[in-house]
Amino acid sequence: MHNILVLNGPNLNLLGTRQPEVYGATTLKMIEDLCISHGKTQGQKVTHLQSNHEGALIDAIHAARGVQDGIVLNAGGYTHTSVALMDAISSAEVPVVEVHLSNIHAREVFRHKSYIAPVAIGQICGFGAQSYVLALNALAAHLAERGTE
Ligand code: CA2
């Protein structure tokens with residue numbers, strides 16, 4: 001059994017309640033439930049946390065060291081700005097899969113830059129809530145390959 005943290009950043013608590021034309025009708029609770037149920041099929045115990053605060057996200061990454069086997073991270077808008085989150089991931093020694101609901105590369109140019117991507121094992125974007133499912137699968141494959149089953 002692997003412990004996986006699904007970590008969501010700023011404004012993602014609004015999912016399904018505002019701007020459905022951009023981010024769809026799926027709520028964060030639905031995504032969290034999907035991750036818990038899909039994680040079970042992959043032998044993963046999924047816990048989740050959402051914060052609108054950069055420091056709280058950094059604290060969660062620090063706390064994951066030695067506790068979590070992997071992190072699925074949607075850093076929201078901090079993806080494109082946060083050297084501090086990048087540094088936290090670098091020091092955490094926990095594999096991180098970066099996820100986005102939308103295809104950030106098909107959107108405004110400022111969203112093409114990710115400070116998370118260079119320190120993540122990979123990036124999945126553009127598949128809505130399924131991005132999270134794909135990220136859990138990617139972590140399962142990564143951890144199996146690394147022999148930590
Ligand atoms: O596509 C993604 O998952 C993003 O991480 C979402 C972020 C955005 O800044 C990134 O560029 C891509 C924004 C999350 C805001 O979520 C809202 C949901 C409903 C209403 C308003 C904002």
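What counts as what
Residues numbered from 1 in each chain as written. Predicted model: local features only at pLDDT ≥ 70, side-chain atom pairs only at ≥ 80, totals over all residues. Heavy atoms only, no water. Near = heavy atom within 4 Å. Polar contact = N/O pair within 3.5 Å; in protein donor to acceptor, adjacent residues only side chain to side chain. Areas by Shrake-Rupley, 256 points an atom, 1.4 Å probe, with all protein chains shown as cover. Nonpolar A, V, L, I, M, F, W, Y, C, P; charged D, E, K, R; others polar. Helix = DSSP H or I, 4+ residues; strand = E, 2+ residues; numbered from the N terminus. Buried < 20%, exposed > 50% of the residue type's maximum accessible area, 1.4 Å probe, protein only. Phe/Tyr/Trp six-rings, centres within 6.5 Å; stacked < 30°, edge-to-face > 60°. Lys NZ or Arg CZ within 6 Å of the ring centre and 35° of its normal. Axes fitted to C-alpha atoms, helices over the stretch in contact; angles between N-to-C directions. Parallel < 35°, antiparallel > 145°, perpendicular 65-115°, else oblique. Contact = heavy atoms within 4.5 Å.

Draft legend 1. Representation of the site of the ligand. Taken together, 16 residues lie near the ligand, and Asn74, His80, Leu101, Ser102 and Arg111 sit nearest. A distance of 2.8 Å is found between an oxygen atom of the ligand and a side-chain nitrogen or oxygen belonging to Asn74. The side chain of His100 places a nitrogen or oxygen atom 2.9 Å from an oxygen atom of the ligand. Protein coverage of the free-state accessible area of the ligand, which is 510 Å², stands at 94%. Its residues assigned to classes, the shell around the ligand shows six nonpolar, eight polar and two charged.

Draft legend 2. Quick peek at unusual backbone geometry. Here Gln19, not a glycine, exhibits a phi torsion of approximately 45 degrees, which is positive. Locating Gln19 in the fold gives a position in the loop between β1 (2-8) and α1 (20-23). A positive phi angle, close to 55 degrees, is found at Glu93, a residue other than glycine. Turning to its location among the elements, Glu93 is positioned in the loop between α4 (83-92) and β4 (96-100). A relative accessible area of 62% means that Glu93 is categorised as exposed.

Draft legend 3. The arrangement of the packing of aromatic side chains in detail. This structure, assessed with the given rule, holds zero aromatic pairs. Here Lys113 stacks its cationic end above the ring of Tyr115, 4.5 Å away from the centre of that ring.

Draft legend 4. Broad picture of the environment of Gln130. Of note, Gln130 is situated in helix α5 (residues 130-145). Owing to a relative accessible area of 42%, Gln130 belongs among the partly exposed residues under this scheme. In the structure, Gln130 is positioned 106 residues away from Gly24 in sequence and 12 Å away in space, judged by C-alpha atoms.

Draft legend 5. Region of the structure containing the packing of helix α3 (residues 54-64) against α4. At a minimum axis distance of 9 Å, the contact between α3 and α4 shows a crossing angle of 5 degrees. The pairing of α3 with α4 is recorded here as roughly parallel in orientation. Counting all contacts with α3, which are made through Glu54, Leu57, Ile58, Ile61 and His62, the residues of α4 involved are Ala84, Leu85, Ala88, Ile89 and Ala92. Taken together, the residues of the contact of α3 with α4 break down into eight nonpolar, one polar and one charged.

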